[in-house]
Structures are given as structure tokens and as C-alpha cells.
Amino acid sequence: MAAVALRRLDADSPSAEFGPTRKRLPLRDARGRFLPKPPGRRPAPRRDVLFVTSEMSDFLKTGGLGDVAAALPRALQGGCDARVLIPGYPAVLRRLGEPRVVGRVRAHAGLPECAIGRAALPDGLPVYVLVNPALFERDGSPYVAPDGSDWSDNAIRFATLAHAAAEIAAGRAGLGWRPQLLHLNDWPGALAAAYVSWRGGDTPSLLTIHNLAYQGLFPAGAAAALGVPKTALADLEFHGQLSFLRGGIVHAAHVNTVSASYARQITEPAHGCGLDRLLARCAATGRLSGILNGIDASWDPRTDPHLHAHFAAGDWQGKRANARQVRREFGLPDATGPLFALVSRLVHQKGVDLICEVAPQIVAAGGQVVAIGTGEPRLEREVAALARRFPGRVGAHIGFEEGLARRMFAGSDFLLMPSRFEPCGLSQMYAQRFASLPIVHATGGLIDTVEDGVTGFQCREATADALRRGVQRAFRVYRLPGLLDAMRRAAMRAPAGWDAAARQYQAHYDRMLAAAAMRPAVAA
Ligand SMILES: Nc1ncnc2c1ncn2[C@@H]1O[C@H](COP(=O)(O)OP(=O)(O)O[C@H]2O[C@H](CO)[C@@H](O)[C@H](O)[C@H]2O)[C@@H](O)[C@H]1O
């Protein structure tokens, strides 16, 4: 217990950079005597959280994690002191300038020493930046080199991030602030939970799995360089390799994924990526849950600065102005038929090949398709080839451009998203908010966010035939203006903010902290 009590005192110390402490001072009368608490108003519990992420859309994003990492720590601020830890990529350092060095993480096994910089984003969100030029200051995405291959030292790079989080949790990084818990995201942060327990710490971790298909698999020979104790190799072992995600699942106090349906699916072999039995055991002991992602307030067609014309529900003139603009940007002529959009990472998961198979029928029926994405070279080539095959009917942009993606959600009538699996999915929620009806495969978070025939269309299977039937239903609705109007309005009203998710995360934090407080103290 003593260790927990000490940690709480540490965490109360004010932080000059991040504004006054959020601690509520006890009420006193004019003579300084303590007053009783006002009836019915219990002070909010403190929750000091280090949110560990490998991307954040304030700086750079490759997919949905970047959006969540920007939105969730902000949504948590009401009830938590949530601070972000992110590697010092060039995009981060450019945006923050040279962050002030406030701490240091010592080298461990083959993991190099790092500095920790501190900065606050303009809205006050505190960010710790893990600075090591050799590991993080390179062009390309966080995970892959410009030629598309994984960075060869990814195991060291992200183990260094995870280890730094564990050292901050242990109070060994010299920050003058110590989180009560770690909130880890996906494999790049997952190993922090393991480092905490391998070194005898007691800071609980919540691990959020945004996509189980990416596990952070590395050769078993890397274990010594990563500082994995010989007695703990089994924690990470996955078919002869080391799985960072497995290490996180084994050691996290709680694991969640980003929708209730996906949380169920990953306990079964079809979607469990080989970890289904471990995850089923987590579920059986109440250690696995699903919390649906939200979308942030910037996704508003009445105010989004990226749009060509703003619009609200019922103002379909404004929506049509965006459609004209999108057609122009993709070099397509104006048309009276529906406009279908694909906005996605171009990977097998997203069913891009199914869209390519069905696109000729969309075109034959009088529709047009616009596609934006980057990813697997084979799928990039397929999408680009489609645009060449159907000039004036299909437009493709191989690249990543948020403003154009937003205009596509606003200008399209339907979004194509036949994902083979989908932990939550954000694109379908963005589309709904912008009155584009998603056509989805009924899987994972797509089941939980798309109401069939009301806010979009669900296809039973991830096959071209099922998608074709979904597209046919969309064409029928498009020809019925009354129904189209009703579905668009319903889609725009679909609940999608971050408040509900933030409340659920806070409830988990409280349970984890209560459980940690019950455990006997251990040395950090
Ligand atoms: N070329 C491009 N240009 C511009 N924007 C592009 C783009 N390609 C994709 N995007 C954007 O990137 C994001 C993708 O998010 P998703 O949630 O749909 O999928 P992703 O698989 O990356 O995320 C994973 O993590 C998230 C977050 O938890 C889960 O919702 C999801 O199911 C899981 O697979 C969206 O904001 C989308 O608009």
C-alpha cells in the first residue's frame, strides 16, 4: 500500500509547463479551518495517465490510431491528467520546435539512452517526446522506409518507446511526474506492460488493441537486445518468434479493443490471429472488453474548412457542390448517377480487391467511383489500373491527403467499405457524418456502427457477390429521393462523439487503480 500512497503524492506535484495542478484543494473557512465537503459533491478521483502511442494526427498519421491518439487523450482531460508519450519523429519535432529536455531514460540491454522532451500543444494537451535522432529522426512513415519495407530496427525502436514508458511509470526518468497507470496502444507500446512487471513495478496498464493483425513479430534472437529476461521468454513466444502484442496482453491489467463485436470475434480462431485462446482466457476473467471509438468534433460538414461548400442535414445543394468539386479534382465529368468513394489504407483487410471486382458493374449501372489510398503495391496498382480502364467514370489518387479525403466523404453518395475484418473503423463514421451512406461487410465495429437499411448497408459476407448486392440496394435507394433523404439524415444523427468512450475508459482506469491499491506494495 505504501508504494501506492507515495505515488499519489508524487503525482500531485504542480507542473509549471502544463498549468496549475488539477488537484482540488479542501475547502477552509476564513480562519483556515477545514469545512465539511458540500453534500452530494464527491471530488472527482485523480487519474494520472500516460498515453503511449506511435502516431497522432496532430503530427502524423498512417491510419485510425493517429485519429484516436489525438482525440481520446483530449476527451479524457475532464476526468484525468492524461499526457501523451510519442517518439520524436521529424514531424513531431518540426511541429513542437525543440521540446525542452526534462528527463532521460538510461540505456537497457541493447536499447539506447534517450532524452525526454516536454511540450504542450496549443490547447494545453501535454506531450512527452522520446528523443533519439538515430532511432526516430528519419523520413518515411513511423513503421516503414520510403521503399515500403519495415525499418529493420523496428524491434529496438518500439521496445525503446515501451521501455521509456515503463521507466516513466517507475519514476526513473526524472520527470517529476509519475502516471498512476499506462494506457498503451497496439504493439508499438504493448511491451511497456511487460517491462513494468519484469522490473517488479506495480503500475497497471490498459492495452488497447486497434488491430490484432499487427502484432509486432520479431526474430527470437532479438530477445537479449530487448532486455527480455530469460525466464520471461514464454510471455512473448509466438510460433518461434517474439510477439510484442502477446507480451502486452499477458502483462496488462486490462485489454480492450475498439468495438464490442470485434472484442467477441478475436476470442475465436477466425479473427484471433493465433491469440484467440489467450484472449478468450482474458474474456473469461473479465480482462477483455470492447469500447467503441468516437470521432472528433472537426468532422462537421457545417464547419469543416477542407470542404468546398458547407452543408447541414437536408441541405443537399451544399452536398452536391462538394460532389462537383470532387469530380473536378479526380478529372471526372459531372453526372447524375451516384458517386461511390473508397477512402482507405490499400490493404487486404479492407477488401479493396472486392471493390475492384465490383467497380465495372457500378460503372455499367451509371455510377462513378473515386478512390484514395496508399498501401500494398499490388493493390495500389489495381486501383490505378481501374482508373485507366474507366476514364471519366473512375478516378484514383494513390497518396494520403486528409483534405481530399474529407471532401470525398462530403461529396460522395456512398462509401465502399467491405472490410474482411474491422476492429472499429472510422471512415464509415466520417462518411455518415457527411451524409455518405456506407456499404460495409457486417463485421467488427461495422456491425456496431452501421444500421442496415437505416444508416447504411450491411453485406453478410466479404465477397464480391455480397458487395454487388449491397451496391444494387444503394442504387435503388438513390432513385428514391424520399428514402435517400431519410437515410442521410439518420446517418448524420448517428451517435459518434468521444464522451461515451471516455467515460468507459475512465471506469476501467478506476477499476484498475482500485485493484492496484488492494495489492501488497512491491518495489518499483
Ligand atoms: N489515403 C488516405 N488519405 C487520407 N486519409 C486516409 C487515407 N487512407 C485512410 N485515411 C484515413 O485514415 C483513417 C483510417 O481509419 P480506420 O479506422 O478506418 O482504419 P485503420 O485500419 O487505419 O485503423 C485501425 O485502428 C482504428 C482506430 O482504432 C480502427 O477504427 C480500425 O478498425 C483499425 O483497423 C481514417 O481517418 C481515414 O479517413
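These numbers come from a predicted model, not from an experiment.

Quick notes on the rules
- Residues numbered from 1 in each chain as written.
- Predicted model: local features only at pLDDT ≥ 70, side-chain atom pairs only at ≥ 80, totals over all residues.
- Heavy atoms only, no water.
- Pairing = 2+ DSSP bridges.
- Helix = DSSP H or I, 4+ residues; strand = E, 2+ residues; numbered from the N terminus.
- Axes fitted to C-alpha atoms, helices over the stretch in contact; angles between N-to-C directions.
- Buried < 20%, exposed > 50% of the residue type's maximum accessible area, 1.4 Å probe, protein only.
- Phe/Tyr/Trp six-rings, centres within 6.5 Å; stacked < 30°, edge-to-face > 60°.
- Lys NZ or Arg CZ within 6 Å of the ring centre and 35° of its normal.
- Salt bridge = Lys/Arg side-chain N within 4 Å of Asp/Glu carboxyl O.
- Lys, Arg positive; Asp, Glu negative; His and termini not counted.
- Polar contact = N/O pair within 3.5 Å; in protein donor to acceptor, adjacent residues only side chain to side chain.
- Expected span 1.5 Å × (residues − 1).
- Contact = heavy atoms within 4.5 Å.
- UniProt positions renumbered as here; feature names shortened; annotations may be inferred.
- Domains from an automatic or database assignment.
- Buried area = accessible area lost by both parts, 1.4 Å probe.
- Nonpolar A, V, L, I, M, F, W, Y, C, P; charged D, E, K, R; others polar.

A. Highlighting the sheet that holds strand 4 (residues 114-120). Here we have nine strands laid out as an open sheet, ordered 3-4-5-2-1-6-7-11-12, and mixed in their pairing. Each end of this open sheet is capped by a strand with a single partner; those strands are strand 3 (100-105) and strand 12 (288-290). The mean angle between the axes of side-by-side strands here comes to 25 degrees, regardless of whether they run parallel or antiparallel. With three bridges connecting them, strand 11 (residues 254-257) and strand 12 associate as parallel partners. Pairing of N256 across the sheet is with S289, part of strand 12.

B. Spatial organisation of unusual backbone geometry. For H239, which is not glycine, the phi torsion reads 50 degrees and is therefore positive. Looking at where H239 falls in the secondary structure, it is placed in the loop between strand 9 (237-238) and strand 10 (241-243). On the basis of relative accessible area, H239 is assigned to the exposed category, the value being 68%. The backbone phi angle of A435 is positive, close to 65 degrees, even though this residue is not glycine.

C. Highlighting the packing of aromatic side chains. This structure, assessed with the given rule, holds 16 aromatic pairs. Sitting above the plane of the W151 ring, R138 keeps its charged end 4.7 Å from the centroid. The ring of W316 carries R488 above its face, with NZ or CZ at 5.0 Å from the centroid.

D. Region of interest: the pattern of salt bridges. In total, this model carries 21 salt bridges according to the counting rule given. D452 serves as the salt-bridge partner of R473, at 3.0 Å between the closest nitrogen and oxygen. Here D452 lies in the loop between helix 17 (444-449) and strand 18 (457-459) and R473 lies in helix 18 (residues 464-478), a separation of 21 residues in the sequence. Overall, D452 belongs to the partly exposed group, its relative accessible area being 38%. When the shortest N-O distance is used, the salt bridge between D485 and R489 registers 3.0 Å. On the criterion of helical spacing, the pair formed by D485 and R489 is a turn pair, its members being four residues apart in helix 19 (residues 481-493). Judged by relative accessible area, D485 falls into the partly exposed class, the value being 22%. Members of the salt-bridge network, linked through shared partners, are K61, D67, D304, E402 and R406.

E. Looking closely at the side chain of D235. Summarising the element assignment, D235 is placed in helix 8 (residues 233-236). Although D235 is buried, it forms no salt bridge, and the closest oppositely charged side chain is R246 at an N-O distance of 5.8 Å. There is a polar contact of 3.1 Å between the side chain of D235 and the side chain of W198.

F. Just helix 19, in detail. For helix 19, spanning 13 residues, the distance from its first C-alpha to its last is 18 Å, which sits close to the expected 18 Å at 1.5 Å a residue. Where helix 19 is concerned, the buried positions are L484, M487, R488, A490, A491 and M492. Looking at the packing, one finds that the buried side of helix 19 touches helix 12 (316-329), strand 16 (414-417), helix 16 (427-433), strand 17 (437-441), strand 18 and helix 18.

G. Just the UniProt feature "domain: Starch synthase catalytic" (unreviewed entry) in the chain, in detail. Per the UniProt record, "domain: Starch synthase catalytic" (unreviewed entry) is found at residues 49-280. When the span residues 49-280 is considered, its composition is 34% helix and 22% strand, and the gap between its end C-alpha atoms is 27 Å.

H. A look at the domain arrangement of the chain. Domain assignment breaks the chain into domain 1 (2-21 + 46-294 + 500-518) and domain 2 (316-495). For domain 1 versus domain 2, the distance between C-alpha centres works out to 33 Å. Here domain 1 and domain 2 share an interface that buries about 1,400 Å² over both sides, 58% of which is from carbon and sulfur atoms. Counting the contacts that link domain 1 with domain 2 gives one salt bridge. At the surface where domain 1 touches domain 2, the tally comes to 10 residue pairs in polar contact (both at pLDDT 80 or more). Put simply, the parts of the chain that give the side of domain 1 that touches domain 2 at least two residues each are helix 2 (64-76) and helix 10 (260-265). The element best represented in the side of domain 1 that touches domain 2 is helix 10, accounting for four residues. When the residues that make up the side of domain 1 that touches domain 2 are grouped by side-chain class, the tally is seven nonpolar, 12 polar and two charged.

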